[in-house]
Amino acid sequence: MPRSVNSVASRARRKKVMKQAKGYFGRRKNVWTVAKNAVEKAMLYAYRDRRNKKRTFRSLWITRINAGARLHGLSYSQFMGKVKANNVELNRKVLADLAMNHPEAFKAIVNKVK
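Residues numbered from 1 in each chain as written. Predicted model: local features only at pLDDT ≥ 70, side-chain atom pairs only at ≥ 80, totals over all residues. Heavy atoms only, no water.

Trainee: Tell me about helix H3 (residues 76-85), and please be specific about residues and values.
Mentor: The set of residues buried in H3 consists of Tyr-76, Phe-79, Met-80 and Val-83. Each buried residue of H3 lies within a common arc of 95° when the element is viewed along its axis, so the set occupies one face. Exposed and oriented more than 90 degrees from the buried face of H3 are Ser-77 and Ala-85. At its buried positions, H3 is contacted by helix H2 (32-70), helix H4 (92-101) and helix H5 (103-113). (Buried < 20%, exposed > 50% of the residue type's maximum accessible area, 1.4 Å probe, protein only. Helix = DSSP H or I, 4+ residues; strand = E, 2+ residues; numbered from the N terminus. Arc of directions from axis to C-beta. Contact = heavy atoms within 4.5 Å.)

Trainee: Provide a residue-level description of the nonpolar core, including the pertinent values.
Mentor: For soluble globular proteins, the rule of thumb is that nonpolar side chains tend to be buried together. Ile-65, Phe-79, Met-80, Leu-95 and Phe-106 are the most contacted members of the largest nonpolar core, which totals 16 residues. Listed by contribution, the elements that provide at least two residues to this core are H2, H3, H4 and H5. Discounting chain neighbours no more than four positions away, the residues touching Phe-106 are Ile-65, Gly-68, Ala-69, His-72, Phe-79, Leu-95, Leu-98 and Ala-99. (Core = buried A, V, L, I, M, F, W, Y, C linked by side-chain atoms within 4.5 Å.)

Trainee: Explain the packing of H3 against H5 residue by residue, including any values.
Mentor: If you want to describe how two helices pack, look at the angle between their axes and the distance between the axes. Between H3 and H5, the least distance of the axes is 9 Å, while the angle of their chain directions is 70°. Taken as axis vectors, H3 and H5 run roughly perpendicular relative to one another. Of the residues in H5, those touching H3 at Phe-79, Lys-82 and Val-83 are Phe-106, Ile-109, Val-110 and Val-113. When the residues that make up the contact of H3 with H5 are grouped by side-chain class, the tally is six nonpolar, no polar and one charged. (Axes fitted to C-alpha atoms, helices over the stretch in contact; angles between N-to-C directions. Parallel < 35°, antiparallel > 145°, perpendicular 65-115°, else oblique. Nonpolar A, V, L, I, M, F, W, Y, C, P; charged D, E, K, R; others polar.)

This is how it looks when you write it as structure tokens:
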């Protein structure tokens, strides 16, 4: 019995990976084995960095809130402690936006929690 290989499916699978490798430099874009490895590694980086992005944004928000709070004589930890104690239901993303783009609104929040 002759060997049966599903070349249609194999070709489709390879085409899918090669399409994902479009725009890569050198052999990564047109040599199957190199492109396959490059795309696989890229997918791992994408998966990892979707989680890292959340960390880096939280860090950015904390930095901005800290800068805004220090203008009004509070440290970040003091300010957040008072925010929680006064049941202000604003998350760090919103507080950071207020501190950066609407300083008068942020000042009102600081005065409310002091």
